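# Structural overview
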Amino acid sequence: MAKQLRVLVLISGNGSNLQAIIDSCDDHLQADVVGVISNQPDALGLQRAHHAEIDTSCVIARKGESRESYDLRLQQRIEKYQPELIVLAGFMRILSDDFVSQYEGRMINIHPSLLPKYTGLNTHQRAIDAKDTEHGASVHFVTPQLDSGPVILQARVPVYAEDTAELLTERVYEQEHAIYPIVVKWFAQGRLEMKDNLAFLDGELIGPSGFAPD
Ligand SMILES: Nc1nc2c(c(=O)[nH]1)N[C@@H](CN(C=O)c1ccc(C(=O)N[C@@H](CCC(=O)O)C(=O)O)cc1)CN2
Ligand SMILES: NCC(=O)N[C@@H]1O[C@H](COP(=O)([O-])[O-])[C@@H](O)[C@H]1O
(Lines give C-alpha, C1' and ligand atoms only; values in the text may rest on other atoms or scores of the structure.)
(Ligands and ions follow the chains in the order given, each with its own letter.)
Protein backbone atom coordinates (compact mmCIF):
# COMPACT_ATOMS: atom_id res chain seq x y z
CA MET A 1 0.00 0.00 0.00
CA ALA A 2 1.25 3.50 -0.87
CA LYS A 3 2.31 5.67 2.09
CA GLN A 4 -0.75 7.22 3.65
CA LEU A 5 -0.69 10.91 4.66
CA ARG A 6 -1.42 11.29 8.40
CA VAL A 7 -4.43 13.62 8.59
CA LEU A 8 -5.83 15.11 11.80
CA VAL A 9 -9.28 16.73 11.63
CA LEU A 10 -10.50 19.44 14.01
CA ILE A 11 -14.27 19.83 14.37
CA SER A 12 -16.88 21.59 16.47
CA GLY A 13 -20.16 20.14 15.23
CA ASN A 14 -21.95 18.03 12.63
CA GLY A 15 -18.84 16.70 10.88
CA SER A 16 -20.26 16.27 7.37
CA ASN A 17 -16.97 17.45 5.87
CA LEU A 18 -15.13 15.05 8.18
CA GLN A 19 -17.43 12.32 6.87
CA ALA A 20 -16.68 13.26 3.28
CA ILE A 21 -12.96 12.96 3.96
CA ILE A 22 -13.38 9.67 5.84
CA ASP A 23 -15.48 8.28 2.97
CA SER A 24 -12.80 9.24 0.46
CA CYS A 25 -9.89 7.80 2.46
CA ASP A 26 -8.51 4.78 0.70
CA ASP A 27 -5.55 4.07 -1.51
CA HIS A 28 -7.08 6.51 -3.98
CA LEU A 29 -6.84 9.38 -1.52
CA GLN A 30 -3.47 8.21 -0.13
CA ALA A 31 -4.49 9.59 3.28
CA ASP A 32 -5.61 8.29 6.65
CA VAL A 33 -7.53 10.24 9.28
CA VAL A 34 -5.44 9.35 12.35
CA GLY A 35 -7.51 11.39 14.79
CA VAL A 36 -10.40 13.78 15.31
CA ILE A 37 -10.29 16.51 17.94
CA SER A 38 -13.36 18.55 18.91
CA ASN A 39 -13.71 21.59 21.13
CA GLN A 40 -17.33 20.54 21.75
CA PRO A 41 -17.93 17.23 23.60
CA ASP A 42 -21.36 16.73 22.01
CA ALA A 43 -20.22 17.23 18.43
CA LEU A 44 -21.95 14.73 16.12
CA GLY A 45 -18.67 14.48 14.24
CA LEU A 46 -17.22 12.60 17.23
CA GLN A 47 -19.83 9.87 16.68
CA ARG A 48 -18.94 9.79 13.00
CA ALA A 49 -15.27 9.28 13.90
CA HIS A 50 -16.11 6.59 16.46
CA HIS A 51 -18.20 4.75 13.85
CA ALA A 52 -15.19 4.84 11.54
CA GLU A 53 -12.99 3.52 14.38
CA ILE A 54 -10.93 6.72 14.39
CA ASP A 55 -9.39 7.92 17.64
CA THR A 56 -11.19 10.94 19.09
CA SER A 57 -10.28 13.56 21.64
CA CYS A 58 -11.86 16.68 23.12
CA VAL A 59 -10.10 19.88 24.10
CA ILE A 60 -12.71 21.98 25.86
CA ALA A 61 -12.14 25.63 26.68
CA ARG A 62 -12.01 26.39 30.40
CA LYS A 63 -13.98 29.34 31.86
CA GLY A 64 -11.90 32.51 31.51
CA GLU A 65 -9.10 30.66 29.70
CA SER A 66 -7.07 32.79 27.30
CA ARG A 67 -6.99 31.92 23.61
CA GLU A 68 -3.26 31.26 23.87
CA SER A 69 -3.66 28.91 26.83
CA TYR A 70 -6.35 26.91 25.06
CA ASP A 71 -4.30 26.73 21.89
CA LEU A 72 -1.26 25.44 23.82
CA ARG A 73 -3.38 22.59 25.22
CA LEU A 74 -4.74 21.94 21.75
CA GLN A 75 -1.22 21.83 20.30
CA GLN A 76 -0.06 19.37 22.98
CA ARG A 77 -3.00 17.09 22.10
CA ILE A 78 -2.34 17.42 18.36
CA GLU A 79 1.30 16.41 18.74
CA LYS A 80 0.23 13.01 20.12
CA TYR A 81 -1.08 12.21 16.63
CA GLN A 82 2.02 13.40 14.76
CA PRO A 83 -0.12 14.65 11.85
CA GLU A 84 1.30 15.70 8.47
CA LEU A 85 -1.83 17.69 7.58
CA ILE A 86 -4.34 19.39 9.89
CA VAL A 87 -7.83 19.83 8.44
CA LEU A 88 -10.23 22.31 10.03
CA ALA A 89 -13.74 21.06 9.29
CA GLY A 90 -16.22 23.40 10.93
CA PHE A 91 -13.78 24.10 13.74
CA MET A 92 -15.35 27.20 15.24
CA ARG A 93 -12.47 28.78 17.10
CA ILE A 94 -10.17 31.54 15.96
CA LEU A 95 -6.63 30.23 16.38
CA SER A 96 -3.86 32.35 17.90
CA ASP A 97 -0.92 33.54 15.83
CA ASP A 98 1.57 31.32 17.68
CA PHE A 99 -0.55 28.25 17.09
CA VAL A 100 -1.02 28.98 13.39
CA SER A 101 2.70 29.61 12.92
CA GLN A 102 3.41 26.06 14.17
CA TYR A 103 1.34 24.55 11.37
CA GLU A 104 1.33 27.13 8.59
CA GLY A 105 1.58 25.40 5.22
CA ARG A 106 0.14 22.15 6.55
CA MET A 107 -3.17 23.36 7.95
CA ILE A 108 -6.22 23.96 5.75
CA ASN A 109 -9.78 25.14 6.29
CA ILE A 110 -13.03 25.07 4.40
CA HIS A 111 -15.05 28.24 4.48
CA PRO A 112 -18.65 28.62 3.26
CA SER A 113 -18.17 31.56 0.92
CA LEU A 114 -16.29 32.58 -2.23
CA LEU A 115 -13.37 34.17 -0.39
CA PRO A 116 -12.40 36.93 -0.05
CA LYS A 117 -16.15 37.63 0.16
CA TYR A 118 -17.82 37.06 3.52
CA THR A 119 -15.07 36.14 5.93
CA GLY A 120 -16.35 35.24 9.39
CA LEU A 121 -19.72 33.80 10.23
CA ASN A 122 -23.29 33.69 8.85
CA THR A 123 -22.03 33.73 5.27
CA HIS A 124 -25.12 32.23 3.61
CA GLN A 125 -27.57 34.76 5.05
CA ARG A 126 -25.19 37.58 4.17
CA ALA A 127 -25.09 36.41 0.55
CA ILE A 128 -28.89 36.22 0.45
CA ASP A 129 -29.26 39.64 2.07
CA ALA A 130 -26.85 41.09 -0.50
CA LYS A 131 -28.98 39.53 -3.28
CA ASP A 132 -25.93 37.74 -4.64
CA THR A 133 -26.68 35.42 -7.54
CA GLU A 134 -23.63 33.27 -6.81
CA HIS A 135 -22.14 31.84 -3.62
CA GLY A 136 -20.01 28.86 -2.72
CA ALA A 137 -17.17 27.44 -0.67
CA SER A 138 -13.42 27.93 -0.47
CA VAL A 139 -10.63 25.68 0.75
CA HIS A 140 -7.67 27.73 1.88
CA PHE A 141 -4.45 27.50 3.84
CA VAL A 142 -4.90 28.77 7.40
CA THR A 143 -2.95 31.91 8.29
CA PRO A 144 -3.15 34.15 11.35
CA GLN A 145 -5.54 36.58 9.65
CA LEU A 146 -8.99 34.97 9.79
CA ASP A 147 -10.22 33.36 6.56
CA SER A 148 -7.55 35.25 4.62
CA GLY A 149 -5.08 32.50 3.81
CA PRO A 150 -4.28 31.70 0.17
CA VAL A 151 -7.23 30.05 -1.54
CA ILE A 152 -6.58 26.60 -2.97
CA LEU A 153 -9.89 25.56 -4.51
CA GLN A 154 -13.37 27.05 -4.77
CA ALA A 155 -16.76 25.71 -5.79
CA ARG A 156 -19.64 27.92 -6.93
CA VAL A 157 -23.39 27.51 -6.55
CA PRO A 158 -26.30 29.65 -7.81
CA VAL A 159 -28.36 31.67 -5.33
CA TYR A 160 -32.08 31.76 -6.12
CA ALA A 161 -34.44 34.59 -5.19
CA GLU A 162 -36.52 32.27 -3.02
CA ASP A 163 -33.49 30.80 -1.22
CA THR A 164 -33.37 30.57 2.54
CA ALA A 165 -30.09 30.20 4.44
CA GLU A 166 -31.00 26.55 5.00
CA LEU A 167 -31.53 25.83 1.30
CA LEU A 168 -28.32 27.61 0.37
CA THR A 169 -26.41 25.81 3.12
CA GLU A 170 -27.40 22.43 1.71
CA ARG A 171 -26.42 23.47 -1.81
CA VAL A 172 -23.01 24.66 -0.58
CA TYR A 173 -22.52 21.55 1.54
CA GLU A 174 -22.72 19.36 -1.59
CA GLN A 175 -19.84 21.31 -3.11
CA GLU A 176 -17.83 21.36 0.13
CA HIS A 177 -17.97 17.57 0.32
CA ALA A 178 -16.72 17.36 -3.26
CA ILE A 179 -13.80 19.79 -3.06
CA TYR A 180 -12.32 19.10 0.38
CA PRO A 181 -11.23 15.52 -0.43
CA ILE A 182 -9.69 16.78 -3.67
CA VAL A 183 -7.47 19.20 -1.76
CA VAL A 184 -6.50 16.53 0.79
CA LYS A 185 -5.52 14.26 -2.10
CA TRP A 186 -3.43 16.99 -3.73
CA PHE A 187 -1.60 17.47 -0.42
CA ALA A 188 -1.13 13.71 -0.01
CA GLN A 189 0.38 13.57 -3.49
CA GLY A 190 2.87 16.32 -2.54
CA ARG A 191 1.46 18.58 -5.25
CA LEU A 192 0.29 21.41 -2.98
CA GLU A 193 2.40 23.87 -1.06
CA MET A 194 2.26 27.34 0.48
CA LYS A 195 5.19 29.77 0.03
CA ASP A 196 5.31 33.49 0.87
CA ASN A 197 1.58 33.41 1.68
CA LEU A 198 0.79 32.07 -1.79
CA ALA A 199 -0.56 28.67 -2.79
CA PHE A 200 1.05 26.53 -5.48
CA LEU A 201 -0.17 23.37 -7.23
CA ASP A 202 2.54 21.44 -9.08
CA GLY A 203 4.73 24.52 -8.69
CA GLU A 204 2.22 26.74 -10.47
CA LEU A 205 0.81 29.74 -8.60
CA ILE A 206 -2.87 29.30 -7.72
CA GLY A 207 -4.85 32.48 -8.36
CA PRO A 208 -6.93 34.39 -5.81
CA SER A 209 -10.06 32.41 -6.67
CA GLY A 210 -8.34 29.08 -6.32
CA PHE A 211 -7.16 26.51 -8.81
CA ALA A 212 -8.56 27.11 -12.24
CA PRO A 213 -8.11 24.25 -14.71
CA ASP A 214 -6.98 25.22 -18.23
N1 LIG B 1 -6.20 32.28 12.87
C2 LIG B 1 -7.17 31.63 12.20
N3 LIG B 1 -8.05 30.87 12.88
C4 LIG B 1 -9.03 30.22 12.19
C5 LIG B 1 -9.17 30.36 10.80
C6 LIG B 1 -8.21 31.17 10.12
O7 LIG B 1 -8.25 31.31 8.87
N8 LIG B 1 -7.23 31.77 10.84
N9 LIG B 1 -10.25 29.76 10.12
C10 LIG B 1 -11.37 29.51 11.03
C11 LIG B 1 -12.60 28.86 10.52
N12 LIG B 1 -13.69 29.86 10.52
C13 LIG B 1 -14.30 30.04 9.30
O14 LIG B 1 -13.99 29.33 8.31
C15 LIG B 1 -14.12 30.59 11.67
C16 LIG B 1 -14.23 29.94 12.89
C17 LIG B 1 -14.64 30.66 14.02
C18 LIG B 1 -14.94 32.02 13.94
C19 LIG B 1 -15.34 32.76 15.17
O20 LIG B 1 -15.76 33.92 15.11
N21 LIG B 1 -15.21 32.09 16.34
C22 LIG B 1 -15.50 32.72 17.64
C23 LIG B 1 -16.43 31.83 18.45
C24 LIG B 1 -17.67 31.54 17.60
C25 LIG B 1 -18.53 30.48 18.29
O26 LIG B 1 -18.09 29.95 19.33
O27 LIG B 1 -19.62 30.22 17.74
C28 LIG B 1 -14.20 32.86 18.45
O29 LIG B 1 -13.29 31.98 18.28
O30 LIG B 1 -14.16 33.80 19.24
C31 LIG B 1 -14.83 32.66 12.72
C32 LIG B 1 -14.43 31.96 11.58
C33 LIG B 1 -10.88 28.66 12.18
N34 LIG B 1 -9.92 29.43 12.88
N1 LIG C 1 -16.07 29.73 9.42
C2 LIG C 1 -16.04 28.30 9.56
C3 LIG C 1 -17.30 27.74 8.97
O4 LIG C 1 -18.36 28.36 9.00
N5 LIG C 1 -17.16 26.52 8.44
C6 LIG C 1 -18.32 25.84 7.93
O7 LIG C 1 -18.91 25.08 8.98
C8 LIG C 1 -19.62 24.00 8.38
C9 LIG C 1 -19.21 22.75 9.10
O10 LIG C 1 -20.08 21.72 8.70
P11 LIG C 1 -19.69 20.20 9.09
O12 LIG C 1 -19.41 20.20 10.57
O13 LIG C 1 -20.93 19.44 8.70
O14 LIG C 1 -18.49 19.82 8.28
C15 LIG C 1 -19.21 23.95 6.90
O16 LIG C 1 -20.22 24.51 6.08
C17 LIG C 1 -17.98 24.83 6.85
O18 LIG C 1 -17.80 25.49 5.60
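The rules behind these values
- Counting from 1, residues in each chain are numbered in the order their sequence is written.
- Starting at A for chains and at 1 for ligands, labels are handed out in the order in which the entities are written.
- In keeping with the predicted nature of the model, local features appear solely for residues at pLDDT of at least 70, side-chain atom pairs appear and are counted solely at 80 or more, and the whole-chain, interface and lining totals rest on all residues.
- Excluded from the side-chain calculation are hydrogens and water; included are all heavy atoms of the structure.
- UniProt positions are given in the numbering used here, feature names are shortened, and annotations may be inferred rather than shown by experiment.
- Secondary structure is summarised from DSSP: a helix means a run of H or I of at least four residues, a strand means a run of E of at least two, and numbering begins at the N terminus for each.
- Note on definitions: a residue-residue contact is assigned when non-hydrogen atoms from the two residues lie within 4.5 Å.
- Strands are treated as partners if at least two bridges between them are detected by DSSP.
- Any residue under 20% of the maximum accessible area for its type is buried, any over 50% is exposed, and the rest in between are partly exposed; the area is computed with a 1.4 Å probe on protein chains only.
- To obtain an axis, a line is fitted to C-alpha atoms, over the contacting stretch when the element is a helix, and the angle between two such axes runs from 0 to 180 degrees between their N-to-C directions.
- Roughly parallel here means an angle under 35 degrees, roughly antiparallel means over 145, roughly perpendicular means 65 to 115, and every remaining angle is called oblique.
- Crossing handedness follows the turn of the near helix against the far one: under a right angle anticlockwise gives a left-handed crossing, and clockwise gives a right-handed one.
- Residues are grouped as follows: Ala, Val, Leu, Ile, Met, Phe, Trp, Tyr, Cys and Pro are nonpolar; Asp, Glu, Lys and Arg are charged; every other residue, Gly included, is polar.

Per an unreviewed UniProt entry, the protein is named Phosphoribosylglycinamide formyltransferase, and its organism is Shewanella gelidii. Per UniProt, the protein carries the Pathway (unreviewed entry) text "Purine metabolism; IMP biosynthesis via de novo pathway; N(2)-formyl-N(1)-(5-phospho-D-ribosyl)glycinamide from N(1)-(5-phospho-D-ribosyl)glycinamide (10-formyl THF route): step 1/1." If you open the UniProt record of the protein and go to Sequence similarities (unreviewed entry), you find "Belongs to the GART family."

Our next topic: the UniProt feature "binding site: (6R)-10-formyltetrahydrofolate" (unreviewed entry) in the protein. The feature "binding site: (6R)-10-formyltetrahydrofolate" (unreviewed entry), as annotated in UniProt, sits at Arg67, Met92, Arg93, Ile94, Leu95 and Asn109 in this numbering. Along the chain, the position of methionine 92 falls in the loop between strand S4 (85-88) and helix H4 (97-103). When residues no more than four places from it in sequence are discounted, the contact partners of methionine 92 are Ser12 and Leu121. In this structure, leucine 95 sits in the loop between S4 and H4. Not counting the four nearest positions on each side in its chain, leucine 95 is found in contact with Asp71, Leu74, Leu88, Val100 and Met107.

The next thing to look at is the sheet that holds strand S9 (residues 198-201). A sheet is described by the order of its strands in space; here three strands give the open sequence S8-S9-S10, paired in antiparallel fashion. With partners counted over all chains shown, the strands left at the sheet margins are strand S8 (192-195) and strand S10 (204-205), one partner each. In terms of strand pairing, S9 meets S10 through two bridges, oriented antiparallel. Each residue of the ladder has a partner; that of leucine 201, found in S10, is glutamate 204.

Structurally, histidine 124 can be placed in helix H5 (residues 123-129). Under the relative-accessibility criterion, histidine 124 is labelled buried at 12%. Discounting chain neighbours no more than four positions away, the residues touching histidine 124 are Pro112, His135, Ala165, Leu168, Thr169 and Val172.

The next subject is the packing of helix H1 (residues 16-24) against helix H2 (residues 44-51). It is at 9 Å that the axes of H1 and H2 come closest, and there the two elements cross at 15°. When the axes of H1 and H2 are compared, the pair comes out roughly parallel. Along this stretch, H1 crosses H2, giving a crossing that reads as right-handed. Within the contact between the two elements, H1 uses Ser16, Leu18, Gln19 and Ile22 and H2 uses Gly45, Arg48 and Ala49. For the contact of H1 with H2, a count of residues per class yields three nonpolar, three polar and one charged.

On to the sheet that holds strand S3 (residues 56-58). Read from one edge to the other, the open sheet built from seven strands follows the order S3-S2-S1-S4-S5-S6-S7, with strand pairing classed as mixed. Edge positions in the sheet fall to S3 and strand S7 (151-158), since each of these pairs with one other strand and no more. Geometrically, the sheet is characterised by an average inter-axis angle of 20° between neighbouring strands, direction not taken into account. By the bridge criterion, four bridges tie strand S1 (residues 5-11) to S4 in an arrangement that is parallel. Looking across to S4, one finds that leucine 8 is bridged to isoleucine 86. Against the sheet, H1 touches S1, strand S2 (31-38), S4 and strand S5 (107-111), its axis set at about 160° to S2.

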